[in-house]
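As a plain string of letters, each chain reads:
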Amino acid sequence: MSAIVAIVGRPNVGKSTFFNRLIKRREAIVDAVSGVTRDRHYGKTDWNGVEFSVIDTGGYVVGSDDIFEKEIDNQVNLAIEEADAIIFMVNVEDGVTGMDETVADLLRRSKKPIFLAVNKVDSNNRIADAQEFYVFGFENLYTLSSINGSGSGELLDDLVKVL
Ligand code: GDP
Ligand code: MG
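For the structure given in this document, a descriptive report is provided here. Note that the structure is predicted; figures quoted are calculated from it, not measured. (Residues numbered from 1 in each chain as written. Chains lettered and ligands numbered in written order. Predicted model: local features only at pLDDT ≥ 70, side-chain atom pairs only at ≥ 80, totals over all residues. Heavy atoms only, no water.)

### Examining the overall build of the protein chain
Put simply, the rule is: Helical segments are the DSSP runs of H or I of at least four residues, strand segments are the runs of E of at least two, and each set is numbered from the N terminus. In short, Shrake-Rupley with a 1.4 Å probe defines the accessible areas, and a residue's cover is counted only from the protein chains shown.
Assigned secondary structure in the protein chain consists of five helices and six strands. Counting only carbon and sulfur atoms, one obtains 48% of the accessible surface of the protein chain, whose full area is about 7,900 Å².

Listed below in structure tokens is the structure:
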């Protein structure tokens, strides 16, 4: 069985966009307005000859903070349980948010390898801004743009080494 990699993070950071890029099919539902992904989506991909399954987490209910918080906890805990490695996605446009901190707190309790992916770094002049995410204490920090693909190679090179 191939290893499982889960992509977690609050809505709108770009998880589904990155997932689609990885599996090269427009399977996950990307919503420009709310960033809603209705379900967990599974796909297969490979990098440097290593095959793995990817989970795009979502299922958030927009408009109710209560359900929202509970659902994000649920998705992160599921990912910690079933994944061999976790991509924790945040985005440089919004910087560190309270919801990111909630996710980081949950992930910190996990022994699974965490890869912090700072998305929406569409140009090199945003790389410096991305450094603020080191505040979470995760060593493996990568900057990338899921839209244009830059930076994703470095993340995937390191990710497949632990699978
Ligand atoms: P999710 O809720 O985390 O799954 O986020 P989505 O993949 O649905 O993306 C939310 C919004 O961010 C969409 O409008 C995407 O087009 C946009 N987006 C995703 N990745 C990038 C990126 O690398 N750069 C920019 N500028 N926008 C992005
Ligand atoms: Mg999504």
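### Comments concerning the pattern of salt bridges
Note the following rule: In what follows, salt bridge is the name for a side-chain nitrogen of Lys or Arg lying within 4 Å of a carboxyl oxygen of Asp or Glu.
Summed over the entire model, instances satisfying the criterion amount to five salt bridges. Across the pair R10 and D100 runs a salt bridge whose closest N-O atoms are separated by 3.0 Å. Highlighted residues: R10 in the loop between β1 (3–8) and α1 (15–23) and D100 in helix α3 (residues 98–108), separated in sequence by 90 residues. Residue R108 pairs with D105 through a salt bridge whose shortest N-O separation is 2.8 Å. Separated by three residues within a single helix, R108 and D105 lie in helix α3, roughly one turn from each other. Each of R10, D94 and D100 takes part in salt bridges that share partners, so that together they form one network.

### A word on the sheet that holds strand β2 (residues 41–47)
Inclusion rule: Paired strands are those between which DSSP finds at least two bridges. All axes here are fitted lines through C-alpha atoms, helices being fitted over the stretch that makes contact, and every angle between N-to-C directions spans 0 to 180 degrees. For this analysis, residues touch if any pair of their heavy atoms sits within 4.5 Å.
The sheet built from six strands is open, its strands ordered β2-β3-β1-β4-β5-β6 with mixed pairing. This sheet does not close on itself; its edge strands, each paired only once, are β2 and β6 (141–143). If you compare each strand with its neighbour and ignore which way they point, the axes differ by 25 degrees on average. Across the face of the sheet, α3 comes into contact with β1, β4 (85–91) and β5 (114–119) while running at roughly 165 degrees to β4.

### Considering unusual backbone geometry
To keep it simple, the criterion reads: The classification of residues rests on relative accessible area computed with a 1.4 Å probe and restricted to protein chains. Under 20% of the type maximum is buried, over 50% is exposed, and intermediate values are partly exposed.
Unusually for a residue other than glycine, N12 sits at a positive phi of about 80 degrees. Following the sequence through the fold, N12 ends up in the loop between β1 and α1. Although it is not a glycine, N48 adopts a positive phi angle of roughly 50 degrees. Tracing the backbone through its elements, the reader meets N48 in the loop between β2 and β3 (50–56). Looking at N48, the relative accessible area reads 57%, which means it is exposed.

### A look at α3
Three or four residues apart is the spacing at which side chains of an α-helix point the same way, because the helix has 3.6 residues per turn. What counts here: This arc corresponds to the set of directions leading from the helix axis out to the C-beta atoms.
What α3 keeps buried is the set M99, D100, V103, A104, L106 and L107. Burial along α3 is one-sided: seen end-on, the buried residues are contained in an arc of 160 degrees.

### Looking at the environment of I80
Assignment of secondary structure puts I80 in helix α2 (residues 65–82). Owing to a relative accessible area of 18%, I80 belongs among the buried residues under this scheme. Sequence-wise, I80 and V5 are 75 residues apart; in three dimensions their C-alpha atoms are separated by 9.9 Å. Here I80 is in contact with I86, L106, L107, S110 and K112, once residues within four sequence places are set aside.

### Thoughts on helix α5 (residues 152–161)
Among all positions in α5, only S152, G153, L155, L156, L159 and V160 are buried. Take α5 and look down its axis: the buried residues cluster within an arc of 155 degrees, on one side only. Exposed residues pointing more than 90 degrees away from the buried face of α5 are listed as E154 and K161.

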